[in-house]
Amino acid sequence: MFELRSLSRNAINIPESGTLKILEISKNMERKGINVIHLDVGEPMFDTPNEIKKAAIDALNKGLTKYTPSKGIYELRKAILDTYNQKYKLSLNPNKNIIITPGAKFSVFSALLSIVSEGDEVVILTPTWVSYWAPIKYIGGKIVEVDVMNENSDYEEKLKSFISKKTKVLIVNTPNNPTGKVLEKHELKIIRDLSEDYDFYVLVDEIYSFLTYDSEFHSILEFNEIMDRVVIIDGFSKKYAMTGWRLGYAIGPQEIINLMNKIQQAATTSPTSFVQYAALVVFEYKEKINRKINLMKETFKENRDLAVKLLSEIDNISFNIPQGAFYIFPDISRYYKDSKKFTIDLLEKKHVSVTPGVAFGRGGEGHIRISFSASREALTKGISLIKEFLVGGK
């Protein structure tokens, strides 16, 4: 008997998702009849607005179910860029500077495949969303983590100490998953200045830009003089409660967008047709849908405040109050050094599912991510059980 040839080293190098792995374990428990409180995966607990659902049904009934241009339908690209051009006084072109993708995650993947070659150095500001690692490891790039998203240290000096002429691209997520940190304008200016001094690209994931609490959101697009080296990632999943619809987009220089388009043509052809047409109503019924989003934001803020209050009642844990997104990232290291072990023990003994901080890179170990995009009842009960588990004994 002969041995099969080994499989792709590139694919083997892709790490498992630290967020979805815990979800899989919890779902297995639920299949056995165990009730699990989910404070893990980050998605709005709200339903997609009816206007969007109706538009999807209308598109299906009209037969809008065929291939679209691989960059996405022109009407949606134009509607998105009209918003950005007006807000940031830009002149982005819907034929050159935007691509619609099947989820923002694919925007990240194809953008990094378009920019990074094997051996290139990629700086990631951590702790941060788990999915940035996968495409870089697939390519064979070198990852440099800078732990500045969950602490009050000297942001500028720390960032400068990790940047060099070897840096090909810097990745930042603001508002941040998992810490809720929102970069201030002067912090973005530091990135702008460094990108000019050291000639690197900047990929900014702004998927939570609509959701801030005590601080104003600033985009690096406010520094439009570096538009030739910036890629913006965003999408419809969080803002419009459309996580399962899989619709994202990337805005950037024509050269990068064209390469992303080649990758999309090879991998997925185009985003789902009727989903794109459904998303158009976001701009048609902007005021009406925005009222629903504002109500959603008010609920998230109430949940944020509730999570802060409940966690403050647990001895020997600490956290920064989230400025945006819908996560809080408490430090539980006085009880558990190993965050993965903590999450599994908590799940097995108290049936509460959270995400281990180690999944989010440097500075994440010893923390857990709690998503407060859940019902107040689930949030209250879940954190109560976490307190019981920590203080009452394991």
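Refer to the structure presented above.
Residues numbered from 1 in each chain as written. Predicted model: local features only at pLDDT ≥ 70, side-chain atom pairs only at ≥ 80, totals over all residues. Heavy atoms only, no water.

> Describe the sheet that holds strand β9 (residues 327–328), naming the residues involved and giving the relevant values.
One open sheet accounts for three strands, arranged β9-β12-β11; its pairing is antiparallel. Looking at which strands have only one partner, the edges of the open sheet turn out to be β9 and β11 (355–356). Direction of pairing for β11 relative to strand β12 (residues 368–371): antiparallel, over a ladder of two bridges. Bridge pairing links P356 to I368 in β12. (Pairing = 2+ DSSP bridges. Helix = DSSP H or I, 4+ residues; strand = E, 2+ residues; numbered from the N terminus.)

> Talk me through the packing of helix α7 (residues 155–162) against helix α8 (residues 185–198); I want residue IDs and the actual numbers.
Where α7 meets α8, the axes come as close as 11 Å, and the angle between the chain directions of the two elements is 25°. The angle between the axes of α7 and α8 places the two elements in the roughly parallel class. Both α7 and α8 take part in a crossing whose hand is right-handed. Across from Y155, E156, L159 and K160 in α7, the residues of α8 making contact are E187, I190, I191 and L194. The residue makeup of the contact of α7 with α8, split by class, is five nonpolar, no polar and three charged. (Axes fitted to C-alpha atoms, helices over the stretch in contact; angles between N-to-C directions. Parallel < 35°, antiparallel > 145°, perpendicular 65-115°, else oblique. Left-handed = near helix turned anticlockwise from the far one by under 90°. Contact = heavy atoms within 4.5 Å. Nonpolar A, V, L, I, M, F, W, Y, C, P; charged D, E, K, R; others polar.)

> Tell me what's going on with helix α4 (residues 74–88), and back it up with residues and numbers.
For α4, spanning 15 residues, the distance from its first C-alpha to its last is 21 Å, which sits close to the expected 21 Å at 1.5 Å a residue. Three or more residues of α4 are buried, namely L76, R77, A79, I80, L81, Y84, N85 and Y88. Buried residues belonging to α4 abut β2 (98–101), β7 (230–235), β8 (248–251), α10 (273–279) and α11 (281–284). One or two residues past the end of α4 sits K89, with phi positive at roughly 55°. (Expected span 1.5 Å × (residues − 1). Buried < 20%, exposed > 50% of the residue type's maximum accessible area, 1.4 Å probe, protein only.)

> Which residues make up the sheet that holds strand β4 (residues 142–147), and what are the values?
Spatially, β2-β8-β7-β6-β5-β3-β4 is the arrangement adopted by the seven strands of the open sheet, whose pairing is mixed. A single partner strand is all that each edge strand has here, and the edge strands are β2 and β4. Going across the sheet, the axis of each strand differs from the next one's by a mean of 20°, ignoring polarity. Alignment of strand β3 (residues 121–126) against β4, held across six bridges, turns out to be parallel. Its bridge partner being in β4, V123 is matched across the sheet by V144. Here α7 sits on the sheet and contacts β3, β4 and β5 (167–173); the angle it forms with β4, its principal contact strand, is near 165°.

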